[in-house]
Amino acid sequence: MNGFQIVTERLVLTPLGTAYLDSVNEYALDYENTRYMCHLPKQDSDETLSFLKDVDAEWQKDSPGFYEFALLYANDHIGSVSVYFENGVGELGWIIKRKYWGNGFATEAAKGLVDHFSKWGHRRFIAHCDTENIASFRVMEKLGMTRTGKSGGRKNRAATEESFEYQYELEV
Ligand SMILES: CC(C)(COP(=O)(O)OP(=O)(O)OC[C@H]1O[C@@H](n2cnc3c(N)ncnc32)[C@H](O)[C@@H]1OP(=O)(O)O)[C@@H](O)C(=O)NCCC(=O)NCCS
């Protein structure tokens, strides 16, 4: 697969990859932008690059196991959304550059993603977030997802202590 785009009202979702290193670093190296995330912040640009090389490689597969999209808004790269498939269930993820928070972009992008993959026959989606990450679980709720669990033992990468997380699910 060489990638494809998903177009929503205001956004173009296009394959993420090494071409976006500098703009990914703007949020992936920023503590405030990543404080509730398990795999971010990246330690440095080299670590971001290594991740983006994996993303490029996945896009080259005939049948990718995950899809990472850059979000373009008026040609500015404002964040990313992703879906990782395991046993047919799609785990959704999102991050938006801080200055663009609160404009409905994550919800719009994630909805575009779910709409697209549901047309490909995927019916079940799941998402997790720190229980303190209100913006993230609001996105899940606006997508029509239902809270199905709360568990401890979450370790956000920048945190010194474990926290709790919610699980949300969606059947389309
Ligand atoms: C989570 C994130 C992607 C949301 O992006 P966004 O484009 O701002 O999301 P949206 O605008 O679509 O929706 C956010 C909702 O949360 C609400 N919200 C945000 N912060 C809030 C707070 N502190 N209290 C109450 N509601 C809050 C917003 O008001 C909005 O809801 P509304 O439309 O009902 O008003 C963004 O905050 C982000 O990048 N966070 C850092 C990365 C991250 O934590 N990703 C998720 C990891 S699980």
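That block above? That's the structure.
For the structure given in this document, a descriptive report is provided here. In this text, all values refer to a predicted model and were calculated from it rather than measured experimentally.

### Some remarks on the overall build of the chain
Working step 1: Along its length, the chain carries 5 helices and 8 strands.
Working step 2: In the chain, the succession of α and β elements from N to C terminus is β-β-α-α-α-β-β-β-α-β-α-β-β.
Working step 3: Against the compact-globule benchmark of 16 Å for 172 residues, the chain has a radius of gyration of 15 Å, which places it among compact chains.
Working step 4: Its C-alpha atoms give the chain principal-axis dimensions of about 40 × 40 × 30 Å.
Working step 5: Out of the 172 residues belonging to the chain, those deemed buried represent 32%.
Working step 6: Restricting to contacts in the chain with at least 6 residues of sequence separation, those with at least 24 account for 60%.

### Description of the site of the ligand
Working step 1: Close to the ligand lie 20 residues; A106, T107, C129, A135 and R138 are nearest.
Working step 2: Considering each element in turn, the shell around the ligand owes the most residues, 5 residues, to helix 5 (residues 134-142).
Working step 3: Classifying every residue of the shell around the ligand by side-chain character gives 12 nonpolar, 7 polar and 1 charged.

### Observations regarding the pairing of strand 7 (residues 146-154)
Working step 1: Where burial is concerned, little of strand 7 is hidden: 0 out of the 9 residues are buried.
Working step 2: Where strand 7 meets strand 8 (residues 163-171), 6 bridges bridge the pair, whose relative direction is antiparallel. When the sheet's bridge partners are listed, T146 is paired in strand 8 with E169.

### Observations concerning the nonpolar core
Working step 1: In terms of nonpolar packing, the biggest core is built from 38 residues, with L71, V81, W94, A109, A110 and L113 touching the most fellow members.
Working step 2: For this core, the element with the most residues is helix 4 (residues 105-119), which contributes 6 residues.

### A look at unusual backbone geometry
Working step 1: Each neighbour pair has its own omega, and for L40 with P41 the value is 5°, a cis peptide bond.
Working step 2: We note that A74 has phi near 50°; this positive angle belongs to a residue other than glycine.
Working step 3: Its location among the elements puts A74 in the loop between strand 3 (66-73) and strand 4 (76-86).
Working step 4: You can call A74 exposed: it has 8 C-beta atoms within 10 Å.
Working step 5: In the Ramachandran plot, N87 falls in the positive-phi region, its phi being about 50° despite a non-glycine side chain.

### Notes on the sheet that holds strand 4
Working step 1: Taken in spatial order, the 8 strands make up an open sheet running 1-2-3-4-5-6-8-7, and their pairing is mixed. The sheet is open, and its two borders are formed by strand 1 (6-7) and strand 7, each paired with just one other strand.
Working step 2: Of the strands in this sheet, strand 1, strand 2 (12-15), strand 3, strand 4, strand 5 (89-96), strand 6 (124-130) and strand 8 are in contact with helix 4, which crosses strand 5 at around 155°.

### Here we look at the environment of F125
Working step 1: Structurally, the position occupied by F125 is in strand 6.
Working step 2: Residue classification places F125 among the buried positions, given that 25 C-beta atoms sit within 10 Å.
Working step 3: The spacing of F125 and V172 is 47 residues in sequence and 8.3 Å in space, taken between C-alpha atoms.
Working step 4: Discounting chain neighbours no more than four positions away, the residues touching F125 are G90, L92, V114 and L170.

### Focus: the packing of helix 1 (residues 21-28) against helix 3 (residues 45-60)
Working step 1: Running from N to C, helix 1 and helix 3 point in directions that differ by 120°, and their axes come no closer than 10 Å. The handedness of the crossing between helix 1 and helix 3 comes out as right-handed. When helix 1 is examined against helix 3, the residues L21, V24, N25 and A28 are found in contact with a partner set consisting of S45, T48, L49 and L52.
Working step 2: Taken together, the residues that form the contact of helix 1 with helix 3 break down as 5 nonpolar, 3 polar and no charged.

What counts and what doesn't
Residues numbered from 1 in each chain as written. Predicted model: local features only at pLDDT ≥ 70, side-chain atom pairs only at ≥ 80, totals over all residues. Helix = DSSP H or I, 4+ residues; strand = E, 2+ residues; numbered from the N terminus. Rg over C-alpha atoms; globule rule 2.2 N^0.38 Å. Buried ≥ 20, exposed ≤ 12 C-beta atoms within 10 Å, placed from the backbone. Contact = placed C-beta atoms within 7 Å. Near = placed C-beta within 6 Å. Nonpolar A, V, L, I, M, F, W, Y, C, P; charged D, E, K, R; others polar. Pairing = 2+ DSSP bridges. Core = buried A, V, L, I, M, F, W, Y, C linked by C-beta atoms within 7 Å. Axes fitted to C-alpha atoms, helices over the stretch in contact; angles between N-to-C directions. Left-handed = near helix turned anticlockwise from the far one by under 90°.

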